[in-house]
Amino acid sequence: AQSGLKDLFYDDFYIGAALSGNDVREQPTSMVMTLSNHFNSLSPENLMKWQSIHPDSGKFQFVQADRYVELGKRLGCHLVGHTLVWHKQTPEWVFKDQGGMPRSSKDLSAMMQDHIQNVMGHFKGSVKTWDVVNEAFTDEGDFRPSAWYQTLGEDFIKLAFQTANEADPEAELYYNDYNVWKPKKTDAILSYTSKIRNQGVNIHGIGMQCHLGLEYPTVNQLEVAIQKIIKHGFRISITELDIDVLPNQSGRQGADIDANFPYEAKYDPYKDGLPPMMQEKLTQRYREIFKLFLKYRKHIDRVTFWSIRDQDSWLNNWPIRGRTAYPLLFDEEYQLKDYIFDSLTTLKKG
Ligand code: G3I
């Protein structure tokens, strides 16, 4: 086997990839080869989310996730679970009763505990790291006004971590979010997670998703956030790395996109391939980002890409469908983009 990404960064951090339901169902040989050459950690893109794994009350559906775990074990990968408590991809019945009334705080906490106990219990010993709570803060540093927060208050985060720790005391428990580099958000996350840790709650680290653009955020903005996390005594994982070549990413997400969003629905300038100049930009960006990660390698457990191939990236459908964003390191044939790999190799070998 060729010496791959995971070998290049073997002394530094795990190199991970997120897999889709299709990936684990079909397991094409070229994908399995790529995983075995380049990756030593896996994350489930959607297949362990509440709606996938616990679609109805009392009904757990572990088939896909079991396949994911089997594949990961066969490849000797460090396995991540994503994500136990989130406001998205969670069925309506969790938050509302049959009459459509919001659940009481007693019922909703019971639902959360039942979910965490069952899911983590099922994968105990196999899945070593969990994104316990996902995206509970806004970019402005407020608690996101989700049903979780509105019904249970900020303690829903604490309850989730306590329950997760009881379900599998060996598991590494992460708080995971996007735009963790935005100062108000970083501070809010760290202030809350430190507070509950001081109350005895086990939190291993902060997951920085890192859905990046070519220019935003700056390396310095990311570095300031990394330093703050370290200062608070948490580990770091880069949980969902991708770099969007289209100029649509400025750290804005979903509803934050302004009404004057300048790109037409069909804006897809590089649909026939990424021109050399853009390849160069993407390479430089990956290089400066990995240079930063290497600088803090003692504190970073893992760098996970959000999919393997460009064509499977969620970014092709966000913020509008039908874009070609080239955010990852592999093309449709699972061929590594040598121009990026070579640059990371020289970076690493100094
Ligand atoms: O499976 C259906 C398919 O049957 C249907 O035809 C199609 C058309 O709408 O939709 C398909 O479901 C989509 C699903 O991905 C599977 O591709 C959903 O619409 C779509 O909303 C969903 O998007 C996922 C997104 O989370 C939802 O919030 C992305 O795949 C997934 O990459 C993304 O991952 C999140 C992380 O969990 C948390 N951090 C941000 C990250 C990116 O948004």
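Residues numbered from 1 in each chain as written. Predicted model: local features only at pLDDT ≥ 70, side-chain atom pairs only at ≥ 80, totals over all residues.

The chain is annotated in an unreviewed UniProt entry as Beta-xylanase from Echinicola vietnamensis. Listed in UniProt under the heading Sequence similarities (unreviewed entry), the comment for the chain reads: "Belongs to the glycosyl hydrolase 10 (cellulase F) family." UniProt, in its Catalytic activity (unreviewed entry) section for the chain, records the words "Endohydrolysis of (1->4)-beta-D-xylosidic linkages in xylans." (UniProt positions renumbered as here; feature names shortened; annotations may be inferred.)

Right, let's get into the overall build of the chain. Counting its secondary structure elements, the chain contains 13 helices and 9 strands. Relative to the compact-globule value of 20 Å for 350 residues, the chain shows a C-alpha radius of gyration of 20 Å, a close match. Viewed in the frame of its principal axes, the chain has a C-alpha envelope of about 55 × 45 × 40 Å. Burial statistics for the chain: of 350 residues in total, 43% are counted as buried. Put simply, 79% of the contacts in the chain that link residues at least 6 apart link residues at least 24 apart. (Helix = DSSP H or I, 4+ residues; strand = E, 2+ residues; numbered from the N terminus. Rg over C-alpha atoms; globule rule 2.2 N^0.38 Å. Buried ≥ 20, exposed ≤ 12 C-beta atoms within 10 Å, placed from the backbone. Contact = placed C-beta atoms within 7 Å.)

To continue, consider the nonpolar core. Core analysis: the largest hydrophobic core is formed by 90 residues, its most contacted members being Trp-130, Val-132, Ala-160, Ala-164 and Ile-206. Excluding anything up to four places from it in sequence, Ala-164 contacts Leu-84, Ile-116, Met-120, Trp-130, Val-132, Ala-171 and Leu-173. (Core = buried A, V, L, I, M, F, W, Y, C linked by C-beta atoms within 7 Å.)

Turning next to the site of the ligand. Residues in contact with the ligand, as listed here, are Glu-45, Asn-46, Lys-88, Gln-89, Asn-134, Tyr-178, Gln-209, Glu-240 and Trp-314. Among the residues forming the shell around the ligand, the class breakdown is 2 nonpolar, 4 polar and 3 charged. (Near = placed C-beta within 6 Å. Nonpolar A, V, L, I, M, F, W, Y, C, P; charged D, E, K, R; others polar.)

This next bit is on helix α3 (residues 29-38). Inspection of α3 places Met-31, Thr-34, Leu-35 and His-38 among the buried residues, and these make up the whole buried set. Projected down its long axis, α3 carries its buried residues within an arc of 100°, all on one side. Looking at the buried residues of α3, the elements they touch are α1 (5-8), β1 (14-19) and α2 (21-26). (Arc of directions from axis to C-beta.)

UniProt marks Glu-240 with the feature "active site" (unreviewed entry), using the numbering shown here. If we skip the residues at most four places from it in the chain, Glu-240 touches Gln-209, Cys-210, His-211, Thr-304 and Trp-306.

Following His-82, the chain continues to Thr-83 via a peptide bond in cis, the omega torsion being -5°. Among the structural elements, Thr-83 can be located in strand β3 (residues 78-85). You will see that Glu-135, though not glycine, has its phi angle at about 55°, which is positive. Locating Glu-135 in the fold gives a position in the loop between β4 (129-134) and α8 (147-152). Located in the positive-phi region is Ser-307, a residue other than glycine, with phi close to 105°. Within the secondary structure, Ser-307 sits in the loop between β9 (300-305) and α13 (338-349).

With 16 residues, helix α10 (residues 183-198) extends 22 Å between its outermost C-alpha atoms, agreeing within 8% with the 22 Å of an ideal straight helix rising 1.5 Å per residue. Those residues of α10 that fall on the buried side of the exposure criterion are Lys-185, Thr-186, Ala-188, Ile-189, Leu-190 and Thr-193. Turning to α10, the residues buried within the fold contact β5 (172-177), β6 (205-208) and α11 (219-231). (Expected span 1.5 Å × (residues − 1).)

Take the packing of helix α7 (residues 105-123) against helix α9 (residues 155-167) next. At their nearest, the axes of α7 and α9 sit 9 Å apart, and the two run at 35° to each other. Between α7 and α9 the crossing geometry is right-handed. In this structure, α7 uses Ser-109, Met-112, Gln-113, Ile-116, Gln-117, Met-120 and Gly-121 to contact α9, whose residues at the interface are Leu-159, Ala-160, Thr-163, Ala-164 and Ala-167. Across the contact of α7 with α9, the residue classes break down as 7 nonpolar, 5 polar and no charged. (Axes fitted to C-alpha atoms, helices over the stretch in contact; angles between N-to-C directions. Left-handed = near helix turned anticlockwise from the far one by under 90°.)

Here helix α12 (residues 276-295) crosses α13 at 35°, and the two axes come no closer than 9 Å. Remark: the crossing between α12 and α13 carries right-handed chirality. Contacts between α12 and α13 involve Gln-279, Leu-282, Thr-283, Tyr-286, Arg-287, Phe-290 and Lys-291 from the former and Tyr-339, Ile-340, Ser-343, Leu-344 and Leu-347 from the latter. The class makeup of the residues in the contact of α12 with α13 is 7 nonpolar, 3 polar and 2 charged.

Across a regular strand the side chains alternate sides, sitting on one face of the sheet and then on the other. Most of β4 is tucked away, with 6 of its 6 residues classed as buried. Bridge count between β3 and β4: 4 bridges; the pairing is parallel. Each residue of the ladder has a partner; that of Val-85, found in β4, is Val-133. Pairing between β4 and β5: 5 bridges, direction parallel. Within the sheet, the bridge partner assigned to Asn-134 lies in β5 and is Asn-176. (Pairing = 2+ DSSP bridges.)

Of note, Arg-25 is situated in helix α2. A residue is classified by how many C-beta atoms lie within 10 Å of it, and Arg-25, with 13 of them, is partly exposed. Sequence separation between Arg-25 and Tyr-68 is 43 residues; the distance between their C-alpha atoms is 8.5 Å.

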